[in-house]
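The primary structure of each chain is shown beneath.
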Amino acid sequence: MDIPNSKERRDFLQKMMQGVGYGALGIIAWSSYLSQSQARNLTLRPPGALFEKDFVRTCIRCGMCVEACPFDILKLATISDQISIGTPYFTPRTEACRLCPDIPCASSCPTQALDLTSLIKENKLSIKSARMGLATINTQTCLAYLGLQCTMCVRACPYPDEAIFLHNERNTRTDMHAFLKPVVNPDFCTGCGMCEHACPTTVASITILPLAISKGDIGSHYVVGWKEGDESRIEDDSTDVTLEKTKRNEKSVIDNLDDVEGILKGLYDE
Amino acid sequence: MNNFLYKHRFLLSRRIVQIALLTIYFGGNMYGWTLLQGNLSSALIFGFIPLSDPFATLQMFFAGAAITTDILLGVLVVLFVYSVIGGRFFCSWVCPVNIITETAAWLRRKLNLTDKKKRVTFSRNIRYWVIVISLGLSFFFSLAAFEMISPIGIAFRGVVFGFGMGWLFLVAIFLFDLFSQSYGWCGHICPLGGFNTLIGRYSIVKVVHDSDKCVHALECFKVCPEVEILAKVGRESVPIGGACIKCGRCIEVCPSDAFEVSIVSMAGMASMAKG
Ligand code: SF4
Ligand code: SF4
Ligand code: SF4
Ligand code: SF4
Ligand code: SF4
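No experiment lies behind these values; they were computed from the predicted model shown.

Chemist: Is there a simple way to explain the interface of chain A and chain B in this structure?
Modeler: Size of an interface, as often reported, equals the accessible area lost when the parts are brought together. Contacts between chain A and chain B engage 29 residues on the former and 40 residues on the latter. For the pair chain A and chain B, the two sides together bury roughly 2,900 Å², of which 70% comes from carbon and sulfur. Interface area lost by chain A to chain B is led by Trp30, Arg57 and Glu67 of chain A, which between them contribute 26%. Linking chain A with chain B are four residue pairs in polar contact (both at pLDDT 80 or more), by the criterion used here. Looking at the side of chain A that touches chain B, the elements that each hand over two or more residues are helix 1 (3–37), helix 2 (52–58) and helix 3 (64–68) of chain A.

Here it is as structure tokens:
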């Protein structure tokens, strides 16, 4: 190989390496921003939104839902919000969802990131089936739980007595008053946030948490005996239990419990 | 004065179109006008003709999103328009970032920052790599990766729905274009520009150069944001390639009217492809 050729080659290689360097820098910066913009389970989305992860990748960020909302409650996230950029969200303490019966937001979504079909019951639009989040009460600051008269959240709720109801309880502190405690029923709460918006405490004592973090799940390993059919769920399950013998369970249970010294020793040993 | 208007007829019309579009979208959000709703990612004209950005949709596809028929229809409408008038017409007639980068380029010329020796030059092919990386990152992060950082989206959503801190990003692009590389963003990095170049390659409407009329004034070289595509100017009569953003600056500045917008026949296209 002659010399100029090898110099050319070296130049070319060097150029390429420079490119790789810039590229690596760019990709790292880009990726770190992307990991910031990924699904965040703390965001409240408009009615019918897919699960956060699917929502974030399906929403084309057109803002048509925001335009469609007649109450202007929806905002599109900007680069400074800690929410995937360009996606719609709402903040109930500022503006709560009014649960429009014609659901203009989800109807206008071109990508079905707001899935209208999830809001259809018996061939009719039913905003009542929206599940944007779940109202959650801080019983240490809620006026009603302190024994004061409030009920603001129950009055603000579009589905009082279903989504949120008042629970009467004797106030043993005064022995002459009653607590009128608001209790949320997750089966009906839409997460609209009217309650949070209405709460008179300085920081709302009832807040909407997205279902991704507030929805409990009992799992399949508990049986509730009073629920019809729940028991039959486990009828065919195998009853064989295999135990692995360790130092502490080689004796019978009774012997083990009698052996206080052994237990203490075992505790210290471990 | 009239001469000034005539000399800048394309530039002024483009600015009017760009600002009118922003206004119409803004009105769509603010006052509920139904002429155009949405934004540059996806929109509706008169409430029923869908438009969707093909590149954004491709990223969504890579991110694993289910693409609806509404979006696909929108993509088809846009692809049709691009195949007629060329994908990059978007850059100079619609994209709001174009206003920023052209202003930076103009200021750069005014401030004489164009000294060849001190210049850093970036390859124009970076944008095609950025396309590839966008799709790769979209796949890895389950997110339309470029849409997350797109200054186009930031600018447009900013005007229509509010900026947040997004304007900082636009300032950065302005400074990059002003001091580091002329048309640095639009002509080198922007993957949407690259994508639109690719899909508008064989568009029917093109800017065409007539070398018989050319007096070698080289004015077009000073203003064209994609100078490399002028390689054959003065030597051959050719339609200008896919990277041409249809800004019409060459038509305006040429003293001998050697450029014009015209419909390119298949034969013309073949001659372009050959060279
Ligand atoms: S249901 Fe009505 S108020 Fe609630 S987000 Fe949709 S459009 Fe807005
Ligand atoms: S209308 Fe749908 S795609 Fe558009 S911003 Fe709203 S949720 Fe996203
Ligand atoms: S969020 Fe509050 S107001 Fe809305 S349905 Fe649930 S309890 Fe009622
Ligand atoms: S509005 Fe607030 S303070 Fe009043 S009862 Fe409801 S949660 Fe408690
Ligand atoms: S060839 Fe003319 S119309 Fe095309 S980008 Fe260059 S200056 Fe603009």
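Structure's up, so let's keep going.
Chemist: Sorry, what's going on with the pairing of strand 4 (residues 205–209) of chain B here?
Modeler: On a regular strand, one side chain projects to one face of the sheet and the next to the other, so that they alternate. Residues and elements named next belong to chain B. Here strand 4 lies mainly inside the structure; five of its five residues are buried. Neither face of strand 4 is open: one carries Val205, Val207 and His209, the other Lys206 and Val208, and all of them are buried. Strand direction decides the pairing type here: strand 4 and strand 5 (residues 259–263), joined by five bridges, are antiparallel. Of the residues in strand 5, the one forming a bridge with His209 is Phe259.

Chemist: So what exactly am I meant to see when it comes to the side chain of Thr101 of chain B here?
Modeler: Residues and elements named next belong to chain B. With respect to the element layout, Thr101 can be found in helix 6 (residues 97–110). On the basis of relative accessible area, Thr101 is assigned to the buried category, the value being 0%. Discounting chain neighbours no more than four positions away, the residues touching Thr101 are Ile173, Asp177, Tyr183, Trp185 and Cys186.

Chemist: Is there a simple way to explain the packing of helix 2 (residues 9–30) of chain B against helix 6 of chain B in this structure?
Modeler: For any two helices packed against each other, one specifies the inter-axial angle together with the distance between the axes. All names here are of chain B. Packing of helix 2 against helix 6 leaves a shortest axis separation of 10 Å and a crossing angle of 145 degrees. Across the interface between the two elements, Leu11, Arg14, Arg15 and Gln18 from helix 2 touch Asn98, Ile99 and Glu102 from helix 6. Grouping the amino acids of the contact of helix 2 with helix 6 by side-chain chemistry returns two nonpolar, two polar and three charged.

Chemist: Got a minute to help me understand the packing of aromatic side chains in this structure?
Modeler: Each aromatic ring pair is summarised here by two numbers: the centre-to-centre distance and the angle between the ring planes. All names here are of chain B. On inspection of all chains with the given rule, the structure shows seven aromatic pairs over all chains. Taken together, a centroid distance of 5.0 Å and an interplanar angle of 35 degrees make the contact between Phe55 and Phe195 tilted. Linking Phe55 in helix 3 (residues 54–62) with Phe195 in helix 12 (residues 191–199), this pair joins segments that are 140 residues apart in sequence. When the ring of Phe146 is compared with that of Trp185, the centres are 6.3 Å apart and the planes differ by 15 degrees; the resulting orientation is stacked. Taken together, the residues span a long stretch of sequence, with Phe146 in helix 8 (residues 145–149) and Trp185 in helix 11 (residues 184–189) at a distance of 39 residues. With respect to class, Phe146 is no different from Trp185; both count as buried. Through pairs of rings, three or more aromatic residues link up here, namely Phe55, Phe146, Trp185 and Phe195.

Chemist: Explain the environment of Leu22 of chain B to me, please; I cannot follow it from the model alone.
Modeler: Topologically, Leu22 of chain B is positioned in helix 2. Given the relative accessible area of 13%, Leu22 of chain B is considered buried.

Parameters and conventions
- Residues numbered from 1 in each chain as written.
- Chains lettered and ligands numbered in written order.
- Predicted model: local features only at pLDDT ≥ 70, side-chain atom pairs only at ≥ 80, totals over all residues.
- Heavy atoms only, no water.
- Contact = heavy atoms within 4.5 Å.
- Buried area = accessible area lost by both parts, 1.4 Å probe.
- Polar contact = N/O pair within 3.5 Å; in protein donor to acceptor, adjacent residues only side chain to side chain.
- Helix = DSSP H or I, 4+ residues; strand = E, 2+ residues; numbered from the N terminus.
- Buried < 20%, exposed > 50% of the residue type's maximum accessible area, 1.4 Å probe, protein only.
- Pairing = 2+ DSSP bridges.
- Axes fitted to C-alpha atoms, helices over the stretch in contact; angles between N-to-C directions.
- Nonpolar A, V, L, I, M, F, W, Y, C, P; charged D, E, K, R; others polar.
- Phe/Tyr/Trp six-rings, centres within 6.5 Å; stacked < 30°, edge-to-face > 60°.

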